[in-house]
Amino acid sequence: MLSKRILTMQDLSCVGQCSLTVALPVLSAYGVETCVLPTALLSNHTMFPKWSCLDLTQETRNIMKVWKENAFKFDAFYLGYLGSESLTEVAKECFKNFSAEGAKVIIDPAFGDNGKLYPAFDAGYVAAMRKLIKHADIILPNLTEACFLSGSDYRADADVEFIQRVIEKLSALTDAVIVLTGAEREGEIGEIIYREGKYSYVWAEKLPVRFHGTGDIFASAFTAEYLDSENFEKACAVAGELVAKSIKATDGEHRYGVNFEHVLKTMRK
Ligand code: PXL
């Protein structure tokens, strides 16, 4: 079996599961050969009171120079938290130089939640992401990111109708399939998928707790399942189930992430 080789581009946070420390184990467990382009090295993710951050823009350019000499190509790119505007330019260079034929670009904008930007970001980063998503085949924004990208006011009590209006505004900026994550309706949470002017929906039971890092688990499992089946609804259902099982397996300090390791372990035959 010829497997797909993907490149994931996101930060490496040493403490607090997110980004690469989630993407690598999840993608491997789902059988996807994964290469990495680390965008930044952080002491921990930015939901802790303090953090250090080394932006790796310069080193990514050194890495890409050698990759060119080695003629590396990837079947898909999966992007999460990058960290700075210059890294969105690096991402574009990456797509241009290292795409195998028919390569897919999947972008999780990963810059905010609950109506707010993450601490490291500002309007300039949102504007850079707005340009980057033009290069995507699939984007995975939550409602906060969809609102910032489309210039809509965020509403914590958003219903499906409101979310669809935001999605339609966002669709003016990109031809990508939009998979809006974390949509809510009575007692349920799920994804609203907007593809070629049509909607589909994947709903599951809403759990009464929220944990940091679940967006990255969702995006990683979605990517793995989508590359295998090319079925958006199935990819959302599989990813949503991994998140729900991981939340159920978790007790303890929320900022450290959910116990997805336990779920991956129980996937062993
Ligand atoms: O999970 C998103 C994420 C990824 N990487 C870093 C973060 C966050 C969210 O706060 O701080 C460094």
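Everything discussed here concerns the structure shown above.
Residues numbered from 1 in each chain as written. Predicted model: local features only at pLDDT ≥ 70, side-chain atom pairs only at ≥ 80, totals over all residues. Heavy atoms only, no water.

A. Molecular detail of the packing of helix 2 (residues 57–69) against helix 3 (residues 85–98). Close contact between helix 2 and helix 3 brings their axes to 10 Å; oriented N to C, the two are set at 5°. Classified by the angle their axes make, helix 2 and helix 3 are roughly parallel. Within the contact between the two elements, helix 2 uses T57, T60, R61, M64, W67 and K68 and helix 3 uses S86, L87, E89, V90, E93, C94, N97 and F98. Across the contact of helix 2 with helix 3, the residue classes tally to 6 nonpolar, 4 polar and 4 charged. (Axes fitted to C-alpha atoms, helices over the stretch in contact; angles between N-to-C directions. Helix = DSSP H or I, 4+ residues; strand = E, 2+ residues; numbered from the N terminus. Parallel < 35°, antiparallel > 145°, perpendicular 65-115°, else oblique. Contact = heavy atoms within 4.5 Å. Nonpolar A, V, L, I, M, F, W, Y, C, P; charged D, E, K, R; others polar.)

B. Broad picture of the sheet that holds strand 4 (residues 74–79). With mixed pairing, 9 strands are arranged side by side in an open sheet as 3-2-1-4-5-8-9-10-11. Among the strands making up the open sheet, the edge pair consists of strand 3 (53–55) and strand 11 (198–205). Contacting strand 1 (5–13), strand 2 (33–42) and strand 4, helix 1 (residues 19–29) crosses the sheet at an angle of about 145° to strand 1. (Pairing = 2+ DSSP bridges.)

C. Inspection of the packing of aromatic side chains at higher detail. If you walk through the whole model with that rule in mind, you get 18 aromatic pairs. Here Y199 and Y201 contribute two aromatic rings whose centre-to-centre distance is 6.2 Å and whose plane-to-plane angle is 20°, an arrangement assigned as stacked. For Y199, a relative accessible area of 23% gives the class partly exposed. Each member of the aromatic cluster is reached from another via a ring pair, and the members are W67, F72, F74, F77, F95 and F98. Positioned over the ring face of F162 is R155, at 4.5 Å from the centre of the ring. (Phe/Tyr/Trp six-rings, centres within 6.5 Å; stacked < 30°, edge-to-face > 60°. Buried < 20%, exposed > 50% of the residue type's maximum accessible area, 1.4 Å probe, protein only. Lys NZ or Arg CZ within 6 Å of the ring centre and 35° of its normal.)

D. Looking closely at the site of the ligand. In the region of the ligand, the neighbouring residues are D11, S13, C18, S19, L42, H45, T46, M47, Y81, Y118, H212 and D216. D11 is positioned with one of its side-chain polar atoms (N or O) 2.8 Å from a nitrogen atom of the ligand. Here T46 contributes a side-chain N or O atom positioned 2.6 Å from an oxygen atom of the ligand. Starting from 310 Å² of accessible surface for the ligand in isolation, the protein chains cover 98%. When grouped by side-chain class, the residues that make up the shell around the ligand number 5 nonpolar, 5 polar and 2 charged. (Near = heavy atom within 4 Å. Polar contact = N/O pair within 3.5 Å; in protein donor to acceptor, adjacent residues only side chain to side chain. Areas by Shrake-Rupley, 256 points an atom, 1.4 Å probe, with all protein chains shown as cover.)

E. Structural detail: helix 6 (residues 160–171). Across its 12 residues, helix 6 extends 16 Å between first and last C-alpha, which sits within 8% of the 16 Å expected from 1.5 Å per residue. When helix 6 is considered as a whole, its buried residues turn out to be F162, I163, Q164, V166, I167 and L170. Contacts from the buried residues of helix 6 go to strand 8 (138–139), helix 5 (143–150), strand 9 (177–185), strand 10 (188–195) and strand 11. (Expected span 1.5 Å × (residues − 1).)

F. A look at the side chain of T214. Within the secondary structure, T214 sits in helix 7 (residues 214–229). Discounting chain neighbours no more than four positions away, the residues touching T214 are V243, I247 and V258.

G. Quick look at the pairing of strand 10. As paired strands, strand 9 and strand 10 are joined by 6 bridges and run antiparallel to one another. Bridge assignment links R185 to a residue of strand 10, and that residue is E188. A loop of 2 residues connects strand 9 with strand 10, the two strands running antiparallel in sequence, and G187 in this loop sits at a positive phi of about 70°. Inspection of the sheet shows strand 10 paired to strand 11 by 8 bridges, in the antiparallel sense. For I189, the partnering residue across the bridge sits in strand 11 and is A204.

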